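# Fold and contact review
This is what each chain is made of:
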Amino acid sequence: MKITIKEHRGIHKLVCKAYGQVAAKSTSCCSGSSCCGPKPAASEGELGLSCGNPVAFSKVKKGMTVLDLGSGAGKDVFIAAPLAGAKGKVIGVDMTPEMLKLAAKNLVKFTARTGLANVEFRKGLIEKLPVKDAEADLVISNCVVNLSPDKPEVFREAFRALKPGGCIVVSDIVLNRELPPALKKHAGLYAACVAGALLRRDYLGAIKDAGFKGIKLLSDNAYRAGGTCSDPITDKAGKALNGAASSITVFAKK
Ligand SMILES: C[S@@+](CC[C@H](N)C(=O)[O-])C[C@H]1O[C@@H](n2cnc3c(N)ncnc32)[C@H](O)[C@@H]1O
């Protein structure tokens, strides 16, 4: 099913509003529906809205340029930056102004703590990355692609942004079966990273179609509705969601 430009913009607006509110509240645990299973975060990234740990599965080496799609408050950026070191660079891309504001605040603390000046946050869409061709050695993303209205375009953009031989390590939610129509159309459940998720085979197919090779599943865990914090929407939808979704981490190479 093709999504129209109008629907496309509507989804960006919905997601931006939801994560703007999460960032403005800036608690260490989600209080509403807009999160992908919040986790206690690194010292600067107080707000972690992740569904995996892509950096742990990535071999970040000194001097690398790492690009984080949908960097939020910067949790994974701040984990990757010391690994990339002073000669490397970590670029976080996010579309939500409030998230970028929070990330900028966290960056001040990170710089004071580490003395590193190798982090940059850029405002932009993951479907139209604000990076040059072949700028990155590694692309990471944590619980974001499911929120995009055009997942195949995100993977094509990630491919474009990577140097030849570069890798992508992405943690995300995928569906193991189609959701009931009422849940599929639920705006809150979309912002909660579930309703917009692709079927697993379509997700892996989109990575392959973008040109990636050597696609490997690095982790695969059942998604638990409600996560670690009480979440009214996914808690209510709990039964219908049982076994319907998984949190996976995928590796692929350009
Ligand atoms: C669930 S949070 C994950 C944040 C971060 N990766 C983490 O693990 O804490 C999703 C983030 O992706 C951003 N986002 C969602 N869709 C986006 C898009 N199409 N383009 C850019 N950023 C997007 C949101 O603004 C939000 O900060």
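## Quick look at the overall build of the chain
Assigned secondary structure in the chain consists of nine helices and seven strands. Taking all 254 residues of the chain together, the buried fraction comes to 50%. For the chain, restricting intrachain contacts to residue pairs at least 6 apart in sequence, the fraction spanning at least 24 positions comes to 75%.

## Some points on the packing of helix α4 (residues 151–161) against helix α7 (residues 200–209)
Between α4 and α7, the shortest axis-to-axis distance is 8 Å and the interhelical angle comes to 35°. Of the two elements, α4 crosses α7, and the hand of that crossing is right-handed. Contacts from Lys 151, Pro 152 and Phe 155 in α4 reach Tyr 203, Ala 206, Ile 207 and Asp 209 in α7. Each residue belonging to the contact of α4 with α7 can be placed in one class, and the counts come to five nonpolar, no polar and two charged.

## Brief notes about the environment of Ser 71
The topology assignment puts Ser 71 in the loop between β1 (65–69) and α2 (75–84). Of the residues examined, Ser 71 has 28 C-beta atoms within 10 Å and is grouped as buried. A C-alpha to C-alpha distance of 9.2 Å links Ser 71 and Ile 140, two positions 69 residues apart in sequence. What Ser 71 contacts, discounting residues up to four positions off in sequence, is Asp 76, Val 77, Gly 92, Val 93, Asp 94, Ala 103 and Phe 121.

## Remarks on the sheet that holds strand β5 (residues 162–175)
Strand order across the open sheet formed by seven strands is β3-β2-β1-β4-β5-β7-β6, with mixed pairing between neighbours. Each edge of the open sheet carries a strand with a single partner, namely β3 (119–123) and β6 (213–222). Each strand axis lies, on average, 15° off the axis of its neighbour in the sheet, ignoring direction. Here four bridges tie β1 to strand β4 (residues 136–142), and the two strands are oriented parallel to one another. Its bridge partner being in β4, Val 66 is matched across the sheet by Leu 138. Relative to strand β2 (residues 89–94), α2 is tilted by about 165°, and along the sheet it contacts β1, β2, β3 and β4. Strands in contact with α4 are β1, β4 and β5; relative to β5, the strand with the most contacts, it is inclined by about 155°.

## Observations concerning the pairing of β5
Within β5, 11 of the 14 residues are buried, which leaves the element mostly enclosed by the surrounding structure. Bridge analysis of β4 against β5 gives six bridges, and the strand direction is parallel. Of the residues in β5, the one forming a bridge with Ile 140 is Val 169. Running through α4, the crossover from β4 to the neighbouring parallel element β5 is right-handed. Where β5 and strand β7 (residues 245–253) come together, nine bridges link them in antiparallel fashion. Directly across from Cys 167, in β7, lies its bridge partner Lys 253.

## Comments concerning the site of the ligand
If you check the shell around the ligand, you find 25 residues, and the closest are Ser 50, Gly 70, Gly 72, Met 95 and Thr 96. Contributions of two or more residues to the shell around the ligand are made by α1 (5–25) and α2. Its residues placed into classes, the shell around the ligand shows 12 nonpolar, nine polar and four charged.

## Digging into the pairing of β6
For β6, the tally of buried residues reaches only zero of 10 residues, placing the bulk of the element at the surface. The pairing of β6 with β7 spans seven bridges and is classified as antiparallel. Residue pairing in the sheet places Leu 217 in a bridge with Val 250 of β7.

## What about the environment of Leu 162?
The topology assignment puts Leu 162 in strand β5. Residue class for Leu 162 comes out buried when judged on the 26 C-beta atoms lying within 10 Å of it. With residues near it in sequence (within four places) discarded, Leu 162 still touches Ala 134, Ala 136, Val 139, Ile 168 and Lys 254.

## A look at unusual backbone geometry
Phi angles above zero are rare outside glycine, and Ala 134 is one such case at about 55°. Along the chain, Ala 134 falls in the loop between β3 and β4. Under the C-beta neighbour-count criterion, Ala 134 is labelled partly exposed, with 14 such atoms within 10 Å. Residue Cys 193 is not a glycine yet carries a positive backbone phi of 75°. Its location among the elements puts Cys 193 in the loop between α6 (187–191) and α7. Given 29 C-beta atoms within a 10 Å radius, Cys 193 is considered buried.

The rules behind each value
- Residues numbered from 1 in each chain as written.
- Predicted model: local features only at pLDDT ≥ 70, side-chain atom pairs only at ≥ 80, totals over all residues.
- Helix = DSSP H or I, 4+ residues; strand = E, 2+ residues; numbered from the N terminus.
- Buried ≥ 20, exposed ≤ 12 C-beta atoms within 10 Å, placed from the backbone.
- Contact = placed C-beta atoms within 7 Å.
- Axes fitted to C-alpha atoms, helices over the stretch in contact; angles between N-to-C directions.
- Left-handed = near helix turned anticlockwise from the far one by under 90°.
- Nonpolar A, V, L, I, M, F, W, Y, C, P; charged D, E, K, R; others polar.
- Pairing = 2+ DSSP bridges.
- Right-handed = clockwise from strand over helix to strand, strands pointing away.
- Near = placed C-beta within 6 Å.

Without other data, these values stay purely geometric and don't point to any function.
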